Amino acid sequence: MTIPPAPVAPSAVQPVYAGRPGVLLVMVLRGLALMTLTLGLHRFWMQARVRRFYWSSVRLQGEPFEFTGTGFEMLMGFLVAVVLLASYLAAVNLALVFAGFAVLDSPLAANLPLLALLPLSIIASYRGRRYLLARTRWRGIRFGMEPGAVTYMRLTLGYLVVAVLTLGVLVPLLDFRRRQFVMDRTRFGTLAFRQEGSWSGLLAPWLWVIGAATALAAGAYLAEASGLSGAWVIAAVAGVPILGFLYQRYAVLSFRYLTAHTVLGEGVRFGSAMRTGRILGIVLPGFALVVALMLLVVFGLVTLGVAVAATLGADLAFLGLVLAGEPMGGRLPTDLDVAIAVAISALSYLAAFLVGTAVTEVVVTQRVLRHQVETLSVLSIAGLDAARQRPEDRAREAAGLADALDVGAGL
Amino acid sequence: MPGTALDRYALLEAVGTYFDGRSARAAEVVVKFGKASLTLSDLTDRPLTHWALASLRALPDAGGADVLVLVPQGSAEERLTVSDPDMIQALRLVCPDLERRETVPGQARRAVIWGLGALGAVVLILFVLVPAIAERLAVLIPPAREQALGAAVLDQIRYALGQMGDRDVRVCDAPEGVAALTRMRDRLAPHLATHVPVTVGVLDHEMVNAFALPGGHIMLFRGLIEEADGPEQVAGVLAHEMGHVAHRDPTRLALRSAGSVGILGLILGDFTGGAAVLILTEQLIAANYTREAEAAADVAAHGAMAGAGLPLEPFALFFERLAAEAGRTPRILSHLASHPDLGARAAAARDADVMAGAAFDPVLTDQDWVALRGICDR
């Protein structure tokens, strides 16, 4: 079964994406450079700017969205989260050892602390989304989300158990119930969102994923049993692109289904015509371009560096010999040689990282968002006029926990 | 000059969209310049409001340049959207503080204070709270669980030590050697009260080292036995480690490490932290107890040796040898040799020696001593 793209009704309004890629590229490059100089501290301010850029790039009826969060409040939230997380991890690990699970030993025991973080990270994801919505405005009116992180965590864990017990077949049930819980608590001003439909609407594209995985495993098993060695390797190599494609297709089709069954206020409805092929057409060439650019940057800088080294009188020939497996190339490099070699590698690594991250943001992240926005449609949009302002959300942790759990506090 | 620019745009009018911040309803408004202000009127030319030009701010980091969203300072809720290109250009020229970002006073200071506070809190958890809890739990943990914890730590240590080679470090098991070691332990055990029975083993590794684990496991290294001149030196080291067991030092250290592993992982960026576990294993091998804990274990060892009728002179000599060799031997990981106060500890051992050079019943027969030295032979 395929879900046809939602037909755009006569009264449908489609949002427009107006972001200028050049502005985003400069913004991210500058932000990453400052982040490097401030040992990561600038990340929060960069994140705030990039969000303001994206939010303001999306226009519905000509009106841009607005992100009102600040880098400062995100830093504060992050700091509080780090302390909370440190206490939690210390307590959990001590309790586990005391209860007889030796943390340093078996793989299961080693993963128990990670498992103990799961409820926390589900709560964090809910509260993170609540923060983003509370800092989002359109037509001056705030979005928001009702509290309910702990219930959301219990619900998610419950359906997660169900999904695991059914060997993944009931993953759509998990996905639907989570989305429904979140959407039913999402607000635009005084208007409430509502998730309609049923989890069975997601089942068909998911069964393709399950079916393909089962077929691959069964095929490999039978081939192996009939004496064909290496069948598992072939299945794994073939499985990655096949399952990757089918999973992406599930993500797109379920988004379309869920969007088509979302209602806001009195009868404002939505539609999405997002396409799997288009997403892959953005992501795959996008990453190819990123890799090519990174190689080009490294190659260019190393060539330049070697030329500069030659004018300074340094001899980098030892590097080639070291790479060829000959220690020191029979000649001890001077301090200058080593210093220049280290400078070249550090600079080209850094430059490749900056260019790679920034270009990924512009040609992958941004263009996927753009496709998602431009294929969206809003029906009976006049119903939005009824929205009144909602009071400011006083929750101050600014998604710090989600942030800390996503990336750690690593330098 | 703003004045001249204002004159130039005096007749400029454009349609904008105004939102009052109370409802999502859009109001079409006519926007034009007044005296140092921007006036908004409805389509019948009835004035709605006017904003001082100096108070106008544009929303920063706009994705597209074709729309300008204005916010009057002092009112966080109202918005005016202008998309007429001439009007956008005019506003950019005329409004002096359009791009100014309000800095909240004291924000940088608050960021520094909170940052230091968070750092301080993590340091406090790591170095005060976790050790304090470990201290309590070390006494409360049931012996069976403590022994299981010790066994797990031993596996981890054997794995970590074996990484230079290809498999875990072996526990030596030549039967005569094991029997000799048991006799040595039995000679000392009655004179040292431990909450769990002590078990002793030898690791097939050349490091001059010994350590105690939670639950009364004590591991000597082959290198230590080879380095010792006689069984009394090994007995002194064993008595010292039994002192650690009696004071539950290894349990405390293991609990403390377990409590720290997650936080170290958090700092290093991964939560189960393979790297953090390795760092902590190394710490356990090096057995970095406090100076007080080492001194207390020494006192316990002196008592046990005296009780067993054994001299401490060989033990003192062993310390002095290690001190002399510490600079020369590459086998530096030894926690016995890594202490800066080996000379003082040797002196303390001499002071506590009750035998005063008198004859004594050796801790092992010559035959047993040979067997112990061959415990790792296969």
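Residues numbered from 1 in each chain as written. Chains lettered and ligands numbered in written order. Predicted model: local features only at pLDDT ≥ 70, side-chain atom pairs only at ≥ 80, totals over all residues. Heavy atoms only, no water.

1. Observations concerning the pairing of strand 5 (residues 141-145) of chain A
All names here are of chain A.
Then comes step 1: Where burial is concerned, most of strand 5 is hidden: five out of the five residues are buried.
Then comes step 2: In terms of strand pairing, strand 4 (residues 136-138) meets strand 5 through two bridges, oriented antiparallel. Of the residues in strand 5, the one forming a bridge with Trp138 is Ile141.
Then comes step 3: As consecutive antiparallel partners, strand 4 and strand 5 are separated by two residues, and within that stretch Arg139 has a phi angle of approximately 55 degrees, a positive value.
Then comes step 4: Both strand 5 and strand 6 (residues 186-188) contribute to a ladder of three bridges, which runs antiparallel. (Buried < 20%, exposed > 50% of the residue type's maximum accessible area, 1.4 Å probe, protein only. Helix = DSSP H or I, 4+ residues; strand = E, 2+ residues; numbered from the N terminus. Pairing = 2+ DSSP bridges.)

2. Re the interface of chain A and chain B
Then comes step 1: In this complex, chain A contributes 56 residues to the contact, which on the side of chain B involves 57 residues.
Then comes step 2: Between chain A and chain B, a total of about 4700 Å² is buried, with carbon and sulfur atoms accounting for 66% of that surface.
Then comes step 3: The interface formed by chain A and chain B holds six salt bridges in total.
Then comes step 4: Of all the secondary structure elements, the ones that give two or more residues to the side of chain A that touches chain B are helix 2 (43-57), strand 3 (63-67), helix 3 (71-98), helix 4 (107-134), strand 5 and helix 12 (400-407) of chain A.
Then comes step 5: No other element matches helix 3 of chain A, which puts 16 residues into the side of chain A that touches chain B.
Then comes step 6: Class assignment of the residues belonging to the side of chain A that touches chain B gives a composition of 32 nonpolar, twelve polar and twelve charged. (Contact = heavy atoms within 4.5 Å. Buried area = accessible area lost by both parts, 1.4 Å probe. Salt bridge = Lys/Arg side-chain N within 4 Å of Asp/Glu carboxyl O. Nonpolar A, V, L, I, M, F, W, Y, C, P; charged D, E, K, R; others polar.)

3. So, the pattern of salt bridges
Residues and elements named next belong to chain B.
Then comes step 1: Evaluated as defined, the whole model comprises 34 salt bridges over all chains.
Then comes step 2: Notably, a salt bridge pairs Arg100 with Asp97, separated by 3.7 Å at the nearest N-O pair.
Then comes step 3: Accessibility expressed as a relative area gives 46% for Arg100, which makes it partly exposed.
Then comes step 4: Residue Asp97 is classed as partly exposed on the basis of its relative accessible area of 21%.

4. Some points on unusual backbone geometry
Then comes step 1: Within the chain, Ser380(A) stands out as a residue other than glycine whose phi angle is a positive 55 degrees.
Then comes step 2: Inspection of the secondary structure puts Ser380(A) in the loop between strand 10 (376-379) and helix 12.
Then comes step 3: Look at Ala36(B): it is not a glycine, yet its phi comes out positive at around 55 degrees.
Then comes step 4: Mapped onto the fold, Ala36(B) is located in the loop between strand 2 (27-33) and strand 3 (37-41).
Then comes step 5: Owing to a relative accessible area of 47%, Ala36(B) belongs among the partly exposed residues under this scheme.

5. A short note on the packing of aromatic side chains
All names here are of chain A.
Then comes step 1: This structure, assessed with the given rule, holds 18 aromatic pairs over all chains.
Then comes step 2: Ring centres 6.1 Å apart and planes at 20 degrees place the aromatic pair Phe193 and Phe270 in the stacked group. Here Phe270 lies in strand 9 (residues 268-272) and Phe193 lies in strand 7 (residues 191-195), a separation of 77 residues in the sequence.
Then comes step 3: Relative accessible area serves as the criterion here: at 16%, Phe270 is assigned to the buried category.
Then comes step 4: A connected cluster of aromatic rings, assembled from ring pairs, spans Phe65, Trp138, Phe143 and Phe188.
Then comes step 5: If you follow Arg43 out to its NZ or CZ, it ends over the ring of Phe78, 5.7 Å from the centre.
Then comes step 6: It is Arg185 that lies over the ring of Phe181; its NZ or CZ is 3.7 Å from the centre. (Phe/Tyr/Trp six-rings, centres within 6.5 Å; stacked < 30°, edge-to-face > 60°. Lys NZ or Arg CZ within 6 Å of the ring centre and 35° of its normal.)

6. Examining helix 3 (residues 107-140) of chain B
All names here are of chain B.
Then comes step 1: If you check helix 3, its first and last C-alpha atoms are 46 Å apart, about what 34 residues at 1.5 Å a residue would give, namely 50 Å.
Then comes step 2: Maximal helix bending in helix 3 amounts to about 40 degrees, located at Ile125.
Then comes step 3: Inspection of helix 3 places Ala111, Ala118, Val122, Ile125, Leu126, Val130, Pro131, Ala134, Leu137 and Ala138 among the buried residues, and these make up the whole buried set. (Expected span 1.5 Å × (residues − 1). Bend = angle between axes of the 7 residues up to and from the residue.)

7. Topic: the sheet that holds strand 10 of chain A
Residues and elements named next belong to chain A.
Then comes step 1: Within the open sheet, the ten strands sit side by side as 1-2-3-4-5-6-7-8-9-10. Their pairing is antiparallel. Every other strand in the sheet has two partners, leaving strand 1 (16-17) and strand 10 as the edge strands with one partner each.
Then comes step 2: Where strand 1 meets strand 2 (residues 58-60), two bridges bridge the pair, whose relative direction is antiparallel. The residue of strand 2 that forms the bridge with Val16 is Arg59.
Then comes step 3: The strands that helix 6 (residues 171-183) touches are strand 5, strand 6, strand 7 and strand 8 (262-264); relative to strand 7, the one it contacts most, it runs at about 170 degrees. (Axes fitted to C-alpha atoms, helices over the stretch in contact; angles between N-to-C directions.)

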